[in-house]
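Results of the structural survey
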Amino acid sequence: MKIQLLSDIHLESQNDWCPTPAPGADLLVLAGDIGSYQANSQLTDDDFGLRRFSPLHGWPTPVVFVPGNHEYDALDFDAAHTRLRQTCERLGLIWLEREVLHWPTP
């Protein structure tokens with residue numbers, strides 16, 4: 001199995017960055033600090049920049065999202081946590097937090 005791992009992209013400062021799936025990858029893991037909404041954030045969407053990684057919107061593999069500390073910047077923690085989980089559900093991303101994921105799932 002081939003896993004693509006991306007972290008610390010900080011789309012809030014480079015919102016025009018366009019991800020490319022790794023050839024032959026079976027799974028993408030987004031390991032935190034993908035996008036946030038602190039002052040001067042360039043994100044114009046409402047989904048922390050995660051839509052571009054959505055299997056429901058064209059990303060070719062399943063995607064696991066592990067939130068980083070910057071996703072919560074300038075936001076109420078509990079509200080941001082709920083919003084991130086709902087965003088992952090809406091976009092078809094697998095939320096991973098304090099758990100173990102065996103892949104591929106049985």
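Here's a quick rundown of the structure. Here the structure is a predicted model, which is why all the values come from computation and not from measurement.

1. Describing the overall build of the protein chain
For the protein chain, the helix and strand inventory stands at one helix and four strands. Expressed along its principal axes, the backbone C-alpha trace of the protein chain runs to roughly 40 × 30 × 20 Å. Of all 106 residues assigned to the protein chain, the portion counted as buried reaches 42%. When contacts within the protein chain are restricted to residue pairs at least 6 apart in sequence, those whose partners lie at least 24 apart make up 69%. Accessible surface computed for the protein chain: about 6000 Å², of which carbon and sulfur atoms make up 52%. When the 7 positive and 15 negative side-chain charges of the protein chain are each reduced to one mean point, those points stand 6 Å apart.

2. Remarks on the pairing of strand 3 (residues 63-66)
On any regular strand, side chains alternate: one points to one face of the sheet, the next to the other face. Here strand 2 (residues 27-31) pairs with strand 3 via four bridges, running parallel. Its bridge partner lying in strand 3, alanine 31 is registered against valine 66. Of the pairings in the sheet, the one linking strand 3 to strand 4 (residues 94-95) comprises two bridges and is parallel in character. Note on strand 4: the bridge partner recorded for phenylalanine 65 is tryptophan 95.

3. Notes on unusual backbone geometry
Here the residue pair tryptophan 103 and proline 104 is connected by a cis peptide bond, since its omega of -5° sits within 30 degrees of zero. Of note, proline 104 is situated in the segment after strand 4. The backbone phi angle of arginine 98 is positive, close to 50°, even though this residue is not glycine. Tracing the backbone shows arginine 98 in the segment after strand 4.

4. Some thoughts on the sheet that holds strand 3
Taken in spatial order, the four strands line up as 1-2-3-4 in an open sheet, and their pairing is parallel. Both outer strands of the open sheet, strand 1 (3-6) and strand 4, are each paired with one neighbouring strand and no more.

5. Digging into the pattern of salt bridges
Under the defined criterion, the tally for this structure stands at three salt bridges. Taking the shortest distance from any N to any O, the salt bridge between arginine 83 and aspartate 46 comes out at 3.0 Å. In this pair, arginine 83 is assigned in helix 1 (residues 77-91) and aspartate 46 in the loop between strand 2 and strand 3, connecting sequence segments 37 residues apart. Arginine 83 sits in the partly exposed class, given a relative accessible area of 24%. A relative accessible area of 54% places aspartate 46 in the exposed class. Here arginine 85 ties to glutamate 97 by a salt bridge, and the two come within 3.7 Å at their closest N and O atoms. On the criterion of sequence distance, the pair formed by arginine 85 in helix 1 and glutamate 97 in the segment after strand 4 is long-range, its members being 12 residues apart. Looking at arginine 85, the relative accessible area reads 35%, which means it is partly exposed. Sharing partners across several salt bridges, the network here consists of Arg85, Glu97 and Arg98.

What counts and what doesn't
- Once a new chain begins, its residue numbering starts again from 1 and follows that chain's sequence as written.
- Owing to the predicted nature of the model, reporting of local features is limited to residues with pLDDT of at least 70; listing and counting of side-chain atom pairs is limited to 80 or more, with chain, interface and lining totals taken over all residues.
- Derived side-chain values reflect all non-hydrogen atoms in the structure, with water molecules and hydrogen atoms excluded from consideration.
- A run of H or I in DSSP becomes a helix once it reaches four residues, and a run of E becomes a strand once it reaches two; helices and strands are each numbered from the N terminus.
- Accessible area is worked out with a 1.4 Å probe on protein chains only. A residue is then buried under 20% of its type maximum, exposed over 50%, and partly exposed in between.
- Working rule for contacts: check all heavy atoms of both residues, and any pair within 4.5 Å makes them a contact.
- Residue-level accessible areas treat just the shown protein chains as cover; the underlying method is Shrake-Rupley with a 1.4 Å probe.
- When charges are tallied, Lys and Arg are placed among the positive residues and Asp and Glu among the negative ones, while His and the ends of the chain are skipped.
- Here the site of a charge means NZ on Lys, CZ on Arg, CG on Asp, or CD on Glu.
- The criterion for strand pairing is that DSSP finds at least two bridges linking the strands in question.
- When a carboxyl oxygen of Asp or Glu is within 4 Å of a side-chain nitrogen of Lys or Arg, the pair counts as a salt bridge.

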